[in-house]
Amino acid sequence: MKPPILIIITSTIILGTTIVLFSSHWLMIWIGFEMNMLAIIPILMKKFNPRAMEASTKYFLTQATASMLLMLGIIINLLHSGHWTISMIPNPIASTVITIALAMKLGLSPFHFWVPEVTQGISLSSGMILLTWQKIAPLSVLYQISPSINPNLLVAMAATSVLVGGWGGLNQTQLRKILAYSSIAHMGWMAAIMVYNPTLMILNLTIYIMMTLGTFMLFMYNLSTTTLSLSHTWNKSPLIASLILALMLSLGGLPPLSGFIPKWMIIQELTKNDMIIMPMFMAITALLNLYFYMRLTYATALTMFPSANNMKMKWQFESMKKMIFLPPLIVASTMLLPLTPMLSIMN
């Protein structure tokens, strides 16, 4: 893709999300979502092949359906309240329809089927944008309407998302699909806390985005898309192998890494709200996620997989990719646990 075109498309994506973030008018929010959706499709088809084409079509159809439902919810709300402003949504039907539309945009279960398929069909860099940047706008709208969302609906979606995100990734060997299922599970954690403490959702989203960006950048640096190609990393660059280990464990939510902070705080907040079964269920299903992250760390850093050469020295060409944001992202994704007291005060 030529640089001027790429700049125009990227700025439209950024502008679309920014409009959604800063609007208090439902129509402007809908327009922001549309701009964002139409501009992301050329990014998904950057490496043009039939799989990318199929993935982009799936993405377009799902997001277009979600946009249609969102507009339906907005119009029902308009008919009942008489204004376009984002505030309390008095009508339960409008609230439910809008929540379902945003869940479709996020890939929450039971509307999660497109996430692994689309992520697998596109390049690593496009997948990185899809699983990080594209989550910001729908979550910001859910944050704004959180007082009028039906808690039972959102908690049910959250529980199934955490379960699907854990189960779906178990037998995968493709890294993009593993990260897609991981994204579904993380969205489930965010949806679970949305009604009770929306600020915690923002904290979870921030840490999730940092961890996912770091993971995708390491995979892009290695050009790894499968567990097999990742398992040869120890021979090529042992440091990268150990960094992948740390990031995977952080994504799994193990203390003393950053990924433990949101899980700890969400479980604490849910128990404060007299919910015992839900956080227990989520903590147990998080073990499924931890299992497939452990499989990746085992394949990458804990075993010496057979390699093509007999001399255990670096023999491939050095990667010339410049990853300037990788060091701060890795530090932020693994070492933020001491900041927990400060973060808990902010919440």
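Residues numbered from 1 in each chain as written. Predicted model: local features only at pLDDT ≥ 70, side-chain atom pairs only at ≥ 80, totals over all residues. Heavy atoms only, no water.

1. Notes on the overall build of the protein
Step number 1: Summing up its helical and strand segments, the protein has 17 helices and 0 strands in all.
Step number 2: For 347 residues, the compact-globule formula gives about 20 Å, and the C-alpha radius of gyration of the protein, at 20 Å, lands near that figure.
Step number 3: Taken along its principal axes, the extent of the C-alpha atoms in the protein is 75 × 50 × 35 Å.
Step number 4: Looking at the protein as a whole, 54% of its 347 residues qualify as buried.
Step number 5: The long-range fraction of contacts in the protein, counting pairs at least 24 apart against all pairs at least 6 apart in sequence, stands at 78%.
Step number 6: By element, 74% of the accessible surface of the protein is carried by carbon and sulfur atoms, the whole surface being about 15,400 Å².
Step number 7: Charged side chains of the protein number 17 positive and 6 negative; the gap between the two group centres comes to 13 Å. (Helix = DSSP H or I, 4+ residues; strand = E, 2+ residues; numbered from the N terminus. Rg over C-alpha atoms; globule rule 2.2 N^0.38 Å. Buried < 20%, exposed > 50% of the residue type's maximum accessible area, 1.4 Å probe, protein only. Contact = heavy atoms within 4.5 Å. Areas by Shrake-Rupley, 256 points an atom, 1.4 Å probe, with all protein chains shown as cover. Lys, Arg positive; Asp, Glu negative; His and termini not counted. Charge placed at Lys NZ, Arg CZ, Asp CG, Glu CD.)

2. A word on the packing of aromatic side chains
Step number 1: Enumeration according to the criterion identifies 3 aromatic pairs in this entry.
Step number 2: Arranged with centres 5.5 Å apart and planes meeting at 65°, the rings of Tyr59 and Trp114 form a pair that is edge-to-face. With a gap of 55 residues between them, Tyr59 in helix α3 (residues 50-81) and Trp114 in helix α5 (residues 114-121) connect regions that are remote in the sequence. Across the pair, Trp114 and Tyr59 agree in class, each one buried.
Step number 3: Relative to Trp264, the ring of Phe260 has its centre 5.6 Å away and its plane inclined at 20°; by these criteria the two rings are stacked. A residue pair is termed a helical-turn pair when its members lie 3 or 4 positions apart in one helix, as Phe260 and Trp264 do in helix α14 (residues 260-272) at 4 residues.
Step number 4: On the basis of relative accessible area, Trp264 is assigned to the partly exposed category, the value being 39%.
Step number 5: It is Lys263 that lies over the ring of Trp189; its NZ or CZ is 5.0 Å from the centre. (Phe/Tyr/Trp six-rings, centres within 6.5 Å; stacked < 30°, edge-to-face > 60°. Lys NZ or Arg CZ within 6 Å of the ring centre and 35° of its normal.)

3. Here we look at the UniProt feature "domain: NADH:quinone oxidoreductase/Mrp antiporter transmembrane" (unreviewed entry) in the protein
Step number 1: Cross-referencing UniProt, the feature "domain: NADH:quinone oxidoreductase/Mrp antiporter transmembrane" (unreviewed entry) maps to residues 23-288 in the present numbering.
Step number 2: Overall, residues 23-288 shows 78% helix and 0% strand. The separation of its end C-alpha atoms is 38 Å. (UniProt positions renumbered as here; feature names shortened; annotations may be inferred.)

4. Some points on α14
Step number 1: Between its first and last C-alpha, α14 extends 18 Å over 13 residues, near the 18 Å set by a 1.5 Å rise per residue.
Step number 2: Summarising the contacts, the buried residues of α14 are in contact with α9 (175-194), α10 (198-222), α13 (238-252), α15 (277-302) and α17 (340-346).
Step number 3: At the C-terminal side of α14, Asp274 shows a positive phi close to 60°. (Expected span 1.5 Å × (residues − 1).)

5. What about empty space enclosed by the protein?
Step number 1: Summed over all chains, the structure comprises 2 cavities of 30 Å³ or more.
Step number 2: Lining the largest cavity are Phe33, Asn36, Met37, Tyr59, Gln63, Lys105, Trp114, Gln134, Ala137 and Pro138.
Step number 3: At the level of elements, α2 (26-44), α3 and α7 (133-145) are the ones that each hand at least two residues to the lining of the largest cavity.
Step number 4: In the lining of the largest cavity, the residues fall into 6 nonpolar, 3 polar and 1 charged.
Step number 5: Considered as a void within the structure, the second largest cavity measures approximately 60 Å³ in volume. (1 Å grid on protein atoms, 1.4 Å probe; cavity = no way out; pocket = protein on both sides within 12 Å on 5 of 7 lines; lining within 4 Å. Points joined across faces, edges and corners; volume = space filled by probe spheres on them. Nonpolar A, V, L, I, M, F, W, Y, C, P; charged D, E, K, R; others polar.)

6. Some points on the environment of Gly188
Step number 1: Relative to the helices and strands, Gly188 resides in helix α9.
Step number 2: For the pair formed by Gly188 and Val155, sequence separation is 33 residues and the distance between their alpha carbons is 8.5 Å.
Step number 3: Ignoring any residue separated from it by four or fewer positions in sequence, one finds Gly188 in contact with Leu108, Ala158, Ser161 and Val162.

7. A look at the pattern of salt bridges
When their charged atoms lie close together, side chains carrying opposite charge are able to pair.
Step number 1: One pass over the structure, following the stated rule, counts 3 salt bridges.
Step number 2: A salt bridge links Lys58 to Glu54; its shortest N-O distance comes to 2.8 Å. In this pair, Lys58 and Glu54 are both assigned in helix α3, 4 residues apart and thus about one turn of the helix distant.
Step number 3: Looking at Lys58, the relative accessible area reads 28%, which means it is partly exposed.
Step number 4: Residue classification places Glu54 among the partly exposed residues on the basis of a relative accessible area of 44%. (Salt bridge = Lys/Arg side-chain N within 4 Å of Asp/Glu carboxyl O.)

8. Describing the packing of helix α6 (residues 124-131) against α7
Step number 1: Where α6 contacts α7, the two axes come as close as 3 Å, and the packing angle between them is 15°. As far as their axial angle goes, α7 and α6 are roughly parallel. Along the contact surface, α6 presents Met128, Ile129, Leu130 and Leu131, while α7 presents Trp133, Gln134 and Lys135.
Step number 2: Along the lines of polarity and charge, the residues of the contact of α6 with α7 split into 5 nonpolar, 1 polar and 1 charged. (Axes fitted to C-alpha atoms, helices over the stretch in contact; angles between N-to-C directions. Parallel < 35°, antiparallel > 145°, perpendicular 65-115°, else oblique.)

9. A short note on the environment of Ile5
Step number 1: Checked against the element boundaries, Ile5 lands in helix α1 (residues 3-22).
Step number 2: Note: C-alpha distance between Ile5 and Thr57 (52 residues apart in sequence) is 21 Å.

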